[in-house]
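Listed below, chain by chain, are the residues.
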Amino acid sequence: MLAEDGVLLREGLVGLLHRCGHEVVAAVGDAEALVAAVEKHSPDIVVTDVRMPPGFQDEGLRAAVRLRERTPTLPVLVLSQYVQRAYASDLLDSGDGSGVGYLLKDRVGQVEEFVDALCEVAAGGTVVDPEVVRQLLRRRRDPLERLTPREREVLALIAEGRSNAAVARELVVSEAAVGKHISGILSKLDLPPAEETHRRVLAVLAYLRA
């Protein structure tokens, strides 16, 4: 089961997998179709991108996490250009941690490397790009380390329950400046827009945990 929004890459992967002796039961371009196709076909493994329609944020990865919550034994291999740290840990921790993988497209050097990883994950193994591991470990050490001193000040005031206007008054800056700082905070904490979560609250929780 393959989920990739890029048409050319999707069709290329389908052809590649067929040539390597694998059957692709469905190839889709968005997260909703991914979930529906898995329910319909019960595949041996899911290969999915992270950023997919409609928001091109983390829809594919969140769908993979949901699928693993429903069926912890479902093998999932993420193939993406991005390390979406907010949900990558959830995916890698799902089930008993077996039958899961996360590869970066730009770091897959050979076709055989990808196919071997696919087979390893399908057989219940775990395959994770070292760069993914590095970024996840950095996030776990201190999720706030990427913030500037001013962004930390803004986040501390937000944690006190201050509105943007109150933060602006406290720091003697414009509300527009506060808004830019908040955008930077959310980006650096890997909190993209999502319907299911309130990013401002998640940012405060990250601050309190740190």
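Because the structure is a prediction, the values reported are computed rather than measured. (Residues numbered from 1 in each chain as written. Predicted model: local features only at pLDDT ≥ 70, side-chain atom pairs only at ≥ 80, totals over all residues. Heavy atoms only, no water.)

Enquirer: Looking at this structure, I do not really get the pairing of strand 5 (residues 100–104). What am I missing?
Expert: Two faces belong to every sheet, and in a regular strand the side chains alternate between them. Counting buried residues along strand 5, five of its five residues qualify, which places the element largely inside the surrounding structure. Here strand 5 shows a buried face lined by Val-100, Tyr-102 and Leu-104 and a second buried face lined by Gly-101 and Leu-103. Relative to strand 5, strand 4 (residues 76–80) is paired through five bridges, and the arrangement is parallel. Looking at strand 5, one finds that Leu-77 is bridged to Gly-101. Between strand 4 and its parallel partner strand 5, the chain crosses via helix 4 (residues 85–93), and the hand of that crossover is right-handed. Bridging between strand 5 and strand 6 (residues 126–128) involves three bridges; their strand directions are parallel. Directly across from Tyr-102, in strand 6, lies its bridge partner Val-128. (Buried < 20%, exposed > 50% of the residue type's maximum accessible area, 1.4 Å probe, protein only. Helix = DSSP H or I, 4+ residues; strand = E, 2+ residues; numbered from the N terminus. Pairing = 2+ DSSP bridges. Right-handed = clockwise from strand over helix to strand, strands pointing away.)

Enquirer: For this particular structure, what's the right way to read the domain arrangement of the protein?
Expert: Interfaces are often sized by the accessible area lost when the parts come together. Considered domain by domain, the protein is made up of domain 1 (2–137) and domain 2 (149–209). Relative placement of domain 1 and domain 2: their C-alpha centres are 32 Å apart. Counting residues at the interface gives eight residues for domain 1 and seven residues for domain 2. A buried area of about 570 Å², summed over both sides, lies between domain 1 and domain 2, and 40% of it is on carbon and sulfur atoms. When residues of domain 1 are sorted by the area they lose upon contact with domain 2, Gln-57, Arg-62 and Arg-85 head the list and together hold 54% of the total. (Domains from an automatic or database assignment. Contact = heavy atoms within 4.5 Å. Buried area = accessible area lost by both parts, 1.4 Å probe.)

Enquirer: I tried to follow a nonpolar patch on the surface on my own but got confused; where do I start?
Expert: A grouping of Val-201, Leu-202, Leu-205, Tyr-207 and Leu-208 is seen on the molecular surface, where their side chains present a nonpolar patch of about 400 Å² in accessible area. Assignment of secondary structure puts Leu-208 in helix 10 (residues 199–209). (Patch = residues over 30% accessible without salt bridge, like charges linked within 9 Å, V, L, I, M, F, W, Y side chains within 5 Å. Areas by Shrake-Rupley, 256 points an atom, 1.4 Å probe, with all protein chains shown as cover. Salt bridge = Lys/Arg side-chain N within 4 Å of Asp/Glu carboxyl O.)

Enquirer: Would you take a moment to explain the UniProt feature "domain: Response regulatory" (unreviewed entry) in the protein for this structure?
Expert: The UniProt feature table records "domain: Response regulatory" (unreviewed entry) at residues 1–120. For residues 1–120, the end-to-end C-alpha separation is 16 Å, with 46% helix and 14% strand making up the annotated structure. (UniProt positions renumbered as here; feature names shortened; annotations may be inferred.)

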